[in-house]
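What follows is each chain in one-letter form.
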Amino acid sequence: MGISEIILIAVGLAMDAFAVSICKGLSMKKMSWKKAIIVGLYFGIFQALMPVIGYFLGTTFQSLVTSIDHWIAFILLALIGGNMLKEAFSNETEHCNDKVDFKTMAVLAVATSIDALAVGITFAFLETNILISAVLIGVITFILSLIGVKIGNKFGAKYEQRAEIIGGLILILMGFKILLEHLGIL
């Protein structure tokens with residue numbers, strides 16, 4: 001997997017954190033860069049750590065699933081992307097607050113990075129460089145989270161649904177690309 005593909009996956013994974021960051025910014029009466037950096041750090045660090053954990057889980061069981069690894073990668077990415085699309089079109093509204101304490105942010109960071117764990121398993125099957133991948137995912141998530149807080153504070157929830165849709169579509173398309181490459185179609 002090349003750098004451009006890893007960057008696309010990183011952007012896709014970051015969209016959950018971006019959407020929650022918009023929510024955080026929306027709840028701030030006045031833009032706080034300190035809070036924005038805290039939000040970005042939580043999301044970026046968790047998004048970077050989860051693929052590493054998934055990678056080590058994947059390498060542990062890789063010999064058992066080598067013949068079907070591309071199907072597993074496709075299914076995981078399609079499920080994650082599909083779930084993001086479902087959430088984007090759901091009528092449920094998220095409760096927003098501007099708290100950035102450990103308890104609040106740790107729960108949000110884990111919730112938005114679970115999909116990165118599954119992507120880490122996929123990276124193991126595809127023998128992707130996990131260090132480069134984790135750093136790119138973490139940095140991109142951090143930057144998009146900062147931007148999300150600013151957008152939320154400035155424009156409200158206008159872009160939250162679009163972020164979820166774009167992220168979901170990117171992950172589904174990357175899943176199809178992996179499957180088609182392994183089947184020899186691309």
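Small disclaimer: the values here were computed from a predicted structure and weren't measured. (Residues numbered from 1 in each chain as written. Predicted model: local features only at pLDDT ≥ 70, side-chain atom pairs only at ≥ 80, totals over all residues. Heavy atoms only, no water.)

## Things to note about helix H1 (residues 3-27)
In a regular helix each residue adds 1.5 Å, so 25 residues correspond to 36 Å; H1 covers 35 Å between its end C-alpha atoms and thus fits that length. Met15 marks the point of greatest bend in H1, at about 40°. In terms of burial, H1 is largely enclosed, as 18 of its 25 residues are buried. (Helix = DSSP H or I, 4+ residues; strand = E, 2+ residues; numbered from the N terminus. Expected span 1.5 Å × (residues − 1). Bend = angle between axes of the 7 residues up to and from the residue. Buried < 20%, exposed > 50% of the residue type's maximum accessible area, 1.4 Å probe, protein only.)

## Details of the nonpolar core
Of all hydrophobic cores here, the largest spans 29 residues; its most connected members are Ile9, Leu13, Phe18, Val119, Phe123 and Leu171. At the level of secondary structure, the elements contributing two or more residues to this core comprise H1, helix H2 (33-65), helix H3 (69-89), helix H4 (102-125), helix H5 (130-155) and helix H6 (160-182). Element by element, the count of residues in this core is highest for H1, at 7 residues. With residues near it in sequence (within four places) discarded, Phe18 still touches Leu144, Ile147, Gly148, Ile151 and Ala163. Judged by nonpolar contacts, the second largest core, of 13 residues, contains Val20, Met28, Phe43 and Met105. (Core = buried A, V, L, I, M, F, W, Y, C linked by side-chain atoms within 4.5 Å. Contact = heavy atoms within 4.5 Å.)

## Describing the packing of H3 against H6
Where H3 contacts H6, the two axes come as close as 8 Å, and the packing angle between them is 165°. Accordingly, the angle class assigned to the pair H3 and H6 is roughly antiparallel. Judged by the sense of rotation from one axis to the other, the crossing of H3 with H6 is left-handed. For the contact of H3 with H6, the per-class residue count stands at 18 nonpolar, 8 polar and 2 charged. (Axes fitted to C-alpha atoms, helices over the stretch in contact; angles between N-to-C directions. Parallel < 35°, antiparallel > 145°, perpendicular 65-115°, else oblique. Left-handed = near helix turned anticlockwise from the far one by under 90°. Nonpolar A, V, L, I, M, F, W, Y, C, P; charged D, E, K, R; others polar.)

## What to know about the environment of Ile6
Relative to the assigned elements, Ile6 resides in helix H1. On the basis of relative accessibility, which here comes to 2%, the residue Ile6 falls in the buried class. Between the alpha carbons of Ile6 and Leu144 there is a distance of 16 Å; along the sequence they are 138 residues apart. Not counting chain neighbours up to four residues away, the residues in contact with Ile6 comprise Met1, Thr128, Ser133 and Leu136.

## A few points about the pattern of salt bridges
Applying the stated criterion across every chain, the model contains 2 salt bridges. When the shortest N-O distance is used, the salt bridge between Lys177 and Glu181 registers 2.3 Å. Here the residue Lys177 and the residue Glu181 both occupy positions in helix H6, the gap between them amounting to 4 residues, near one helical turn. According to the relative accessible area criterion, Lys177 is partly exposed, its value standing at 25%. Judged by relative accessible area, which is 38%, Glu181 ranks as partly exposed. (Salt bridge = Lys/Arg side-chain N within 4 Å of Asp/Glu carboxyl O.)

## Let's talk about the packing of aromatic side chains
Per the counting criterion, the structure on display carries 4 aromatic pairs. An angle of 55° between the planes, with centres 6.4 Å apart, marks the rings of Tyr42 and Phe102 as tilted. Note that Tyr42 is positioned in helix H2 and Phe102 in helix H4, a separation of 60 residues in sequence. For Phe102, a relative accessible area of 62% gives the class exposed. Here a set of aromatic residues connected by ring pairs shows up, and it is made of Trp71, Phe74 and Phe176. (Phe/Tyr/Trp six-rings, centres within 6.5 Å; stacked < 30°, edge-to-face > 60°.)

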